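# Descriptive structure summary
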Amino acid sequence: MAPPSMFAEVPQAPPVLVFKLTADFREDPDPRKVNLGVGAYRTDDSQPWVLPVVRKVEQKIANDSNLNHEYLPILGLSEFRTHASCLALGMTAQQSGRSGSLWPPKVQEPLDWMLSEVPVSFTSTNICLRIPKPALWKENAVLQIDVNGKLETLFSGFCWRAVLILGWVGGVQSLGGTGALRIGAEFLVRWYNGTNNKDTPIYVSSPTWENHNAVFTAAGFKDIRTYHYWDAAKRGLDLQGFLNDLENAPEFSIFVLHACAHNPTGTDPTPEQWKEIASVMKVTNCLSRASLNKYSVLTFNVFRSHTYLLENIAGFLFPFFDSAYQGFASGNLEKDAWAIRYFVSEGFELFCAQSFSKNFGLYNERVGNLTVVAKEPDSMQRVLSQMEKIVRITWSNPPAQGARIVATTLSNPELFKEWTGNVKTMADRILTMRSELRARLEALKTPGTWNHITEQIGMFSFTG
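Predicted model, so just to flag it, every value in this text is computed and none were measured.

### Considering empty space enclosed by the protein
By the definition in use, this model includes one cavity of 30 Å³ or more. Of the volumes computed, that of the largest cavity is approximately 30 Å³. Along its surface, the largest cavity is lined by Leu-87, Ser-323, Gln-326, Gln-354, Ser-355, Phe-356 and Asn-359. Of the residues belonging to the lining of the largest cavity, the class tally is two nonpolar, five polar and no charged.

What follows is the structure in C-alpha cells.
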C-alpha cells in the first residue's frame, strides 16, 4: 500500500468569490446572463475592450528592433516609474527632470529680490516673517528655513509642487495595484515608526475591497481595524463616523484610503470632505527652534495679512492611498487624483498604490506602481533601497511589456491625448449606464429612492 501523500492534511481553501462568480457565469448556459461580478470594463457586446492606443503602442513596440528581453532593474522600468508617479501627482516628466526618483521642477521666475526683502525673526518660541508686496504673490507659497532661522529657499505656486521640491518622490514598479499594496505593506511592517511594527493598527474602510485585509494580514500586521465609511440609511458617506474614527485612532496608525471610485460603494468624499479628513489626520504645531529641521515644509497664505506665524506640518496618521481608477472614474485625470495631490500639498508623507489595469485595459499585464512621497532626499534613497530588497525576494524583477506600453503612451503627447480620449470613452459609458439604470428603476416605480445610483461613481454601486 502506497504511503499517504505528504499533502493529505492540507485543507481545501474557499474559492475567491469574485473569480468563482466569473467561473459560474461562464458555465451558465442561459443566454440572458449578465456578469455583474468582476470589475472589468465591457463593451455593449459584453466583450473586453482593447484600447485603440494600446493596440497602436503594442505595434510600435513590436517593430522596435532595439528592444530586447533583458531583466529590468529590480525597482522596474525607470521611464514607467517616472511617468506613473507624475500622473498621480500632477507633474510632467519634463518637470520631474529625473527617472525613478524624481527631482521636481525648479521655479522659473527670479526670486532673489524677494528673498532679500523677507526678514525672518524669532520670538521666544515661534518664527515670524513679514511678506512684502503681497499682491505679487500667488495664494500659496512654501519656504525652507535652516535651524538657525536663515531663509534659504522660497517658492511661489501651489504647495504640493513645493513640497516635492523640498522632498523626493520615488516609484516602484509592481505587479498591479495589489503588488504595490503588498510591497508597501511589507516595507511598513519592517520600517514604519521604527522596526517590526506588526502591532501598528491598519485601518480599512467598512466596507472595502476584500484584498485590503488580506494583503496587510499576509504582510504580518496583526491589528486590522475598520473605519466608518458607508451610511446605509442615507446611502452615502458616513463622514462624521469617519472623522470620529480618525480622531480616536492611536498615533501612527495607517489608514488605507481609496483615491477615487471607492470599491465597493462607489461613494467618494467631496473635496471639502477630503480637506476635513486631512485636517484630522495631521498635527499642526507652532514652529519652534527645537522642532525645526532642515527639510521642514512651511506654508502660509499671503493675502490674509502682512505678518505670518509659520506652522510646521507633521502627519501623525499615515495615509496609504489605493488609486486603481484614475481617469477611469470620472474621465478626468486631475479630478480623480485630487485627494492624493491635496494630501501632498498639506505636507503629508504617503504611499500611493497605482493600478493601470482599468485605465489602460491592461488587466492581465499586471502593471502597477507604488509612488512614495517623502520630505527628505536622503530618506527617499534609504526607503527605495529597502524596497529593492523586498522586491528581490518577492518577484525579483517586474515584467516589461505592460510597463513599456504605459511609459510609451504617457511620454508621447499625441499618444497621451489619444489615451485620455479612450479613458473618457470608458468613463462616459459607465456614467451613462448609471443614468439609464436609475431612469429604468424610477420608470418601473421600484420602491425606494435611486438618486444614489448617479451620485456614486466608478464601476461599483451599493443599491441599498
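### Brief notes about the pairing of strand β6 (residues 168–175)
Of all eight residues making up β6, seven are buried, and the element is well covered by its neighbours. Bridge count between β6 and strand β18 (residues 367–374): eight bridges; the pairing is antiparallel. Across the sheet, residue Val-169 finds its bridge partner in β18, namely Val-373.

### With respect to the nonpolar core
Phe-80, Tyr-325, Phe-356, Phe-360, Val-406 and Trp-419 are the most contacted members of the largest nonpolar core, which totals 35 residues. Listed by contribution, the elements that provide at least two residues to this core are α2 (52–62), α3 (78–89), α14 (401–411) and α15 (413–443). Here Phe-80 is in contact with Gln-173, Phe-356, Val-367, Gly-368, Asn-369, Ala-403, Val-406 and Ala-407, once residues within four sequence places are set aside. Counting residues in each nonpolar core, the second largest holds 33 residues, with Trp-168, Tyr-192, Phe-318 and Met-380 among its members.

### Things to note about a nonpolar patch on the surface
Nonpolar side chains collect at one region of the surface, where Met-6, Phe-7 and Val-10 lie side by side and expose about 390 Å² of accessible area between them. Topologically, Val-10 is positioned in the segment before α1 (17–27).

### Focus: the packing of helix α7 (residues 176–191) against helix α8 (residues 210–218)
For the pair α7 and α8, interaxial distance at closest approach is 9 Å and the crossing angle is 35 degrees. α8 is crossed by α7, and the crossing has right-handed handedness. On the side of α7, the interface is formed by Thr-178, Leu-181, Arg-182, Ala-185 and Glu-186, while α8 contributes Asn-211, His-212, Val-215, Phe-216 and Ala-218. Looking at the contact of α7 with α8, its residues break down into five nonpolar, three polar and two charged.

Here is what the cut-offs are and how they apply
Residues numbered from 1 in each chain as written. Predicted model: local features only at pLDDT ≥ 70, side-chain atom pairs only at ≥ 80, totals over all residues. Heavy atoms only, no water. 1 Å grid on protein atoms, 1.4 Å probe; cavity = no way out; pocket = protein on both sides within 12 Å on 5 of 7 lines; lining within 4 Å. Points joined across faces, edges and corners; volume = space filled by probe spheres on them. Nonpolar A, V, L, I, M, F, W, Y, C, P; charged D, E, K, R; others polar. Buried < 20%, exposed > 50% of the residue type's maximum accessible area, 1.4 Å probe, protein only. Helix = DSSP H or I, 4+ residues; strand = E, 2+ residues; numbered from the N terminus. Pairing = 2+ DSSP bridges. Core = buried A, V, L, I, M, F, W, Y, C linked by side-chain atoms within 4.5 Å. Contact = heavy atoms within 4.5 Å. Patch = residues over 30% accessible without salt bridge, like charges linked within 9 Å, V, L, I, M, F, W, Y side chains within 5 Å. Areas by Shrake-Rupley, 256 points an atom, 1.4 Å probe, with all protein chains shown as cover. Salt bridge = Lys/Arg side-chain N within 4 Å of Asp/Glu carboxyl O. Axes fitted to C-alpha atoms, helices over the stretch in contact; angles between N-to-C directions. Left-handed = near helix turned anticlockwise from the far one by under 90°.

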